[in-house]
Amino acid sequence: PEQAEHARAFATGDRDPVAPRDAATVVLLRSDASGMQAYLLRRHRGMPFAGGMVAFPGGGVDPRDSDGVTTWAGPPVAAFAERLGCDEALARALVSAAVRETFEESGVLLAGPTPDSVVDDTAGDDWESDRQALVDRALAFTDFLDRRELMLRADLLAPWAHWITPEFEPRRYDTRFFVAVLPAGQRTRDVSGEADAVRWMRPADATAAVDAGTIRMLLPTYVTLTQLAEYGTPPEALAAAADGPVRT
């Protein structure tokens, strides 16, 4: 009811659009005997945004994400800025936020000690302590990487889409979607305080569940899964995301 009232006030000109917050979300992919799967979380029903909806790991950009990551492996920031249609400061912040949010909400970390390596296990108590400090914003992501002498593996992320919440909504996000493959040796963990269930699903199975009414998701998630259902393996999906500007 509150959202409907907000929309009516917007339609009559009594309320201005809320400025959208920059955000990043990551479609984490893997393969098993059934084919390519995506990692999905069901947000707690009490969440103020998309409560009860199935979604990908992601969230808003932390102001400190744009402080600059000095240990960056992969395409230059300028290449991401060109594809994402933004300046380099925002591109760096979006990629950093994508990696940070993936770690916060799944335990998967797209970083390693060298440009061609990835940490192989993040399940220990010390990793969990750092992950929680990132969630609580007691630790900046750049400080986390520096302290552990890790390089952000930007080359493991591929821009996929750009969605902006409609103007009439009271809570708005300007969100870039990325795809990434689950690194060898790492595994997802049900660690997100914002989710009450997590699971791996084939994209086609997930959209079929929405069509059947057994799960709910916002349109950007549904469309992204519909697009990914056209590819049989994670490398095929990454190859499809490799070139060209991202359409808003």
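Refer to the structure above for everything that follows.
Numbers given for residues are sequential positions, taken from 1 along each chain in its written order. For a predicted model such as this one, the threshold for reporting local features is a pLDDT of at least 70, and the threshold for listing and counting side-chain atom pairs is 80 or more; totals across whole chains, interfaces and linings nevertheless cover every residue. Processing note: side-chain calculations cover all non-hydrogen atoms of the structure and skip hydrogens and water entirely.

Let's shift gears to the overall build of the protein. Secondary structure summary: the protein contains eight helices and ten strands in total. What the globule rule says is 2.2 Å times the number of residues to the power 0.38, and the radius of gyration is computed from C-alpha atoms. Taking 18 Å as the expected radius of gyration for a compact globule of 248 residues, we find that the protein reaches 18 Å, a close match to that expectation. Along the three orthogonal principal directions, the C-alpha set of the protein runs to about 55 × 40 × 40 Å. Two residues form a contact once any of their heavy atoms are found within 4.5 Å. For the protein, long-range pairs separated by at least 24 residues make up 72% of all intrachain contacts whose partners lie at least 6 apart in sequence. All accessible areas in this document rest on Shrake-Rupley with a 1.4 Å probe, and a residue is counted as covered only by the protein chains that are shown. Summed over its atoms, the accessible surface of the protein is roughly 11600 Å², and 51% of this surface lies on carbon and sulfur atoms. For this count, His and the chain ends are skipped, Lys and Arg are scored as positive, and Asp and Glu as negative. For the purpose of locating charges, the reference atoms are NZ of Lys, CZ of Arg, CG of Asp and CD of Glu. Taken together, the 25 basic and 38 acidic charged side chains of the protein have centroids lying 4 Å from each other. Secondary structure follows DSSP: runs of H or I at least 4 residues long count as helices, runs of E at least 2 residues long count as strands, and numbering of each begins at the N terminus.

We now examine the pattern of salt bridges. We count a salt bridge whenever a side-chain nitrogen from Lys or Arg sits within 4 Å of a carboxyl oxygen from Asp or Glu. Throughout the structure, instances matching the rule amount to 15 salt bridges. The salt bridge partner of Arg176 is Asp174, with a shortest N-O separation of 3.4 Å. The exposure classification of Arg176 matches that of Asp174, with both residues buried. Relative accessibility under 20% of the residue-type maximum defines a buried residue, over 50% an exposed one, and the middle range a partly exposed one, all with a 1.4 Å probe and only protein chains included.

The next thing to look at is helix H2 (residues 77-84). Within the span of H2, buried status applies to Val77, Phe80, Ala81, Arg83 and Leu84. Within H2, the buried residues cover an arc of 170° as seen down the axis, which keeps them to one side. Where the residues of H2 are buried, they touch strand S5 (72-73), helix H3 (88-106), strand S8 (158-164) and strand S9 (173-181). Gly85 sits one or two residues past H2 and shows a positive phi near 70°. It is the directions from the helix axis to the C-beta atoms that the arc portrays.

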